[in-house]
Amino acid sequence: MSFPDRRLPGHAEWRYFAQRFVTKGFHWLGSAARTRSGSLTTIRNDHMEGEMRLRHGLVTVTAVTAAITLSGLTLSAPAWAGPTPGTASAGTTSPADSSASPTVMPGTTPRVSPSDTTTDPATPPSPSPTDVSGSATESPSGPPTPTTPSTSGTPDDGSDSLSELEEYWTPERMAEALPVPEDQVREAGLSAAQRKKLLRSPSHTFEGIKEVGTFYWDERRDGELYHRYCAGTVVPSPGKDMVLTAAHCFDSQDQHMKQVFVPKHSKNHPAPYGLFPIKVGQIYADPRYMRRGGDHDNTGLDFAILKTEPRSDGKKLQDVVGAIPIGYDTGFDHPKTRVIGYPWLDNGDPHYHPKQDPLDCTSPMKKFTTGDEGGWKGGTFSQIDCDGYVSGTSGGPFIIGGDDPKVVGVTGGWQTGGHSADTSYSSYFDSDLKRIYDAAVAGRQPTPIVLPAASTWKHAKDIASGYFALNGPVSEDHMDMFVLWSDGELTIYRGAGKGLNYFDKEIRVQGPNKLWADHAVQVVAGDFTGDNGSDLMVRWSDGELTLYPSVDERGFHGEKQLMPANATWKHAEALTAGRYGGNKWQDDLVVRWSDGELTVYQNTGTSLGKEIKVVNPNKLWKHAVEIGSGDYTKNDTWDLVVRWSDGEVTCYDDFTGTGDSWGEHRWKAPNNLWEHAMLVTGGDFSDNPWPDDTLVRWSDGELSLYTEGNASGIGDEHQLVAP
């Protein structure tokens, strides 16, 4: 019985003529339809190269989180408290003020609650209305009663105790703190006169609100020590310890020390509610943003959550100052939006010390959409126009809601907040921020997302599945994804299981180069050398076939020519490797030739194995566009998967290339959607021990993983990269 005859009667002829549908326009197929993309040859080279540069800029740090701050702190007697009023005992609490409400209209006098009014430090402030979180908070009038330090408050890494931090962060040192370098470009183009004029802008300084304050830390850059600061807003959380801010304040290149959060900081009252230290590992942000270049590549992810430790009297941050809830997916049109920031207003006088008093403004929030510009990734952002929001205002909140306030933005996002003193931006608060918040609540870093965007995946020339990174993050190793890009770069994405989004690290094997870009036609992974790792086989444009043994995180370890340049192998149009009856290794090479012939080279090693002709030249198999390997029926002998030109997907189980023991299972009937499955490869990426998963790269750059397929179907779909 010949292999083509195993298909449905009359179907072969229909399939042959169905090839014409490949060139027709894309049609919708239910809700799962994908958009046809243009040919790669029509994509401008400069755009492609830009995408490549965005992708491979120090990507190996993408799984590294923002765990870069101060570790455990010893609680001790407070050094920050002002004189104790004679009418109040230590630790006395009163309701919070309502100053978080965005009630100030442009051109009007802002409503100021009693606790926002400047007072003599020796005079106790009046009680204020209940804060937005609904819990009682204390006034800043008296020092807390210190509690006995807990064992957990004593760091093991030699970091400072809380009493040392309180002594270190004097008002003078706070006044010397500088904005992060990412911020300072905001007014770099202004003259000294223009900077001085900003002090008299329609926006006005005020004493601040207790839910908003500043982070202070020390940072070393290029061997120099700097005092830094950035703004943040206390948000409700089960642990009563969270502060929302901008991620660019805490990028992974900063070396943070002595980090604290100071609610309602101002020049006259530098620490009215004390200092709340931040331990190592308590910065939560999207790993895509935290990697080098992430502030340019992922402008829509410029938000972060930091978790604080209790004050020296054991009180938690939210219990002391209250909190403002986060507003998710609230839209862009908010006519009364309050913006608070801490500008560093340098007027050009070297003897001038910035006040760092908070700046207040209420103005309409609106949508701002832009394309890519100057290396910054475009997108849609929240925008507010208020004068004087220069460097230092990053991380400050956008607040809506009047008597029911919500924070819906933080200064950041596009160009880390905007390169203008009178326009501020924010990344939009959606499910990405909610994912980060949930991770912070759970005390785990957000799931690392290392796979590049769909625009980059359009340039994936070929994909192979194998065991390249043998020291993965899970106990039972998963296969890794090896990618040949159209610019010649070679990349490994380390398999990590579902809990880590299936891939947790990008390893650059080789940078872009002309040899691999122009002449590497296809890559195939298998264990051809029998060492339980994976080897890489490459078919070149001149017909040469090369084996690279034991490819791993360190790259190549030798080269073996299996076939010299020749005319025959130029016609090898599709290749895959699996266990097809030769031995226990994944070393049987399957080749679909341009004339429709199908061949198996069994037990291939450092030379091609035994040749078995499975199908003679024929018209039908010319339409086998993609072939892949896996053990979907879990019988140890692997199965062959074929994606046909009309969109049908077929699994031939227990394929050996000989006899007629293998069965045929139609996973997908002919359809327009699967005509756009450009690359199909099988492998072991899920938690069971079988290579029964399938990676698919679509024509629009979407990347899908189908897990735990069987004879009945390809499995459950997981979208790894959205189109």
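The coordinates are above.
Residues numbered from 1 in each chain as written. Predicted model: local features only at pLDDT ≥ 70, side-chain atom pairs only at ≥ 80, totals over all residues. Heavy atoms only, no water.

This part is about the overall build of the chain. A tally of helices and strands in the chain yields twelve helices and 34 strands. Burial status across the chain gives 57% buried among its 723 residues. Here the contacts in the chain between residues at least 6 apart in sequence split such that 64% fall between residues at least 24 apart. For the chain, the computed accessible surface area is about 27,600 Å², with 50% contributed by carbon and sulfur atoms. (Helix = DSSP H or I, 4+ residues; strand = E, 2+ residues; numbered from the N terminus. Buried < 20%, exposed > 50% of the residue type's maximum accessible area, 1.4 Å probe, protein only. Contact = heavy atoms within 4.5 Å. Areas by Shrake-Rupley, 256 points an atom, 1.4 Å probe, with all protein chains shown as cover.)

In this section: the sheet that holds strand β26 (residues 610-615). In spatial order, the strands read β23-β24-β25-β26; together these four strands make up an open sheet with antiparallel pairing. Each of the sheet's edge strands pairs with one partner strand only, and the pair in question is β23 (572-578) and β26. Along the sheet, successive strands turn relative to each other by an average axial angle of 20°, direction set aside. (Pairing = 2+ DSSP bridges. Axes fitted to C-alpha atoms, helices over the stretch in contact; angles between N-to-C directions.)

Let's shift gears to the pairing of strand β15 (residues 460-466). Taken across its seven residues, β15 has six buried, putting it largely inside the fold. Strand direction decides the pairing type here: β15 and strand β16 (residues 480-485), joined by six bridges, are antiparallel. Opposite Ser465, over in β16, you have Met481 as the bridge partner.

Taken as a whole, this structure holds two disulfides when the rule is applied. Across the disulfide, Cys230 is cross-linked to Cys249 (sulfur-sulfur distance 1.8 Å). One end of the pair, Cys230, is in strand β3 (residues 224-235); the other, Cys249, is in the loop between β4 (242-245) and β5 (256-263), with 19 residues separating them in the sequence. Neither residue differs from the other here; Cys230 and Cys249 are each classed as buried. (Disulfide = S-S within 2.5 Å.)

If you walk across this open sheet you meet the four strands as β27-β28-β29-β30, and the pairing is antiparallel. Only two strands of the sheet have a single partner each, and these edge strands are β27 (624-630) and β30 (663-668). Neighbour-to-neighbour, the strand axes of the sheet open up by a mean angle of 25°, direction not taken into account. Note that strand β28 (residues 639-644) and strand β29 (residues 649-653) share four bridges and pair antiparallel. Across the sheet, Leu640 pairs through a bridge with Tyr652, a residue of β29.

Moving on: the environment of Tyr706. If you trace the backbone, Tyr706 turns up in strand β33 (residues 703-707). For Tyr706 and His718, which are twelve residues apart along the polypeptide, the C-alpha to C-alpha distance reads 6.1 Å. For Tyr706, the side chain forms a polar contact with the side chain of Glu717, separated by 3.5 Å. (Polar contact = N/O pair within 3.5 Å; in protein donor to acceptor, adjacent residues only side chain to side chain.)

Counted by the stated rule, this structure contains 17 salt bridges. A salt bridge links Arg435 to Asp286, with the shortest nitrogen-to-oxygen separation between them at 2.4 Å. Linking Arg435 in helix α10 (residues 431-442) with Asp286 in the loop between β7 (283-285) and α7 (287-290), this pair joins segments that are 149 residues apart in sequence. Residue Arg435 is classed as partly exposed on the basis of its relative accessible area of 24%. You can call Asp286 buried: its relative accessible area is 0%. Among the salt bridges present, the one from Lys406 reaches Asp404, with a minimum N-O distance of 3.5 Å. (Salt bridge = Lys/Arg side-chain N within 4 Å of Asp/Glu carboxyl O.)

Among the nonpolar cores identified, the biggest contains 56 residues, and Trp169, Phe215, Val235, Leu244, Ile305, Ile326 and Phe429 are the most heavily contacted of them. If we skip the residues at most four places from it in the chain, Leu244 touches Gly232, Thr233, Val235, Phe303, Ala304, Ile305, Ile326, Gly395, Val407, Val410, Phe429 and Leu433. If you look at the next biggest cluster of nonpolar residues, it comprises 39 residues, including Val590, Trp638, Phe685 and Leu695. (Core = buried A, V, L, I, M, F, W, Y, C linked by side-chain atoms within 4.5 Å.)

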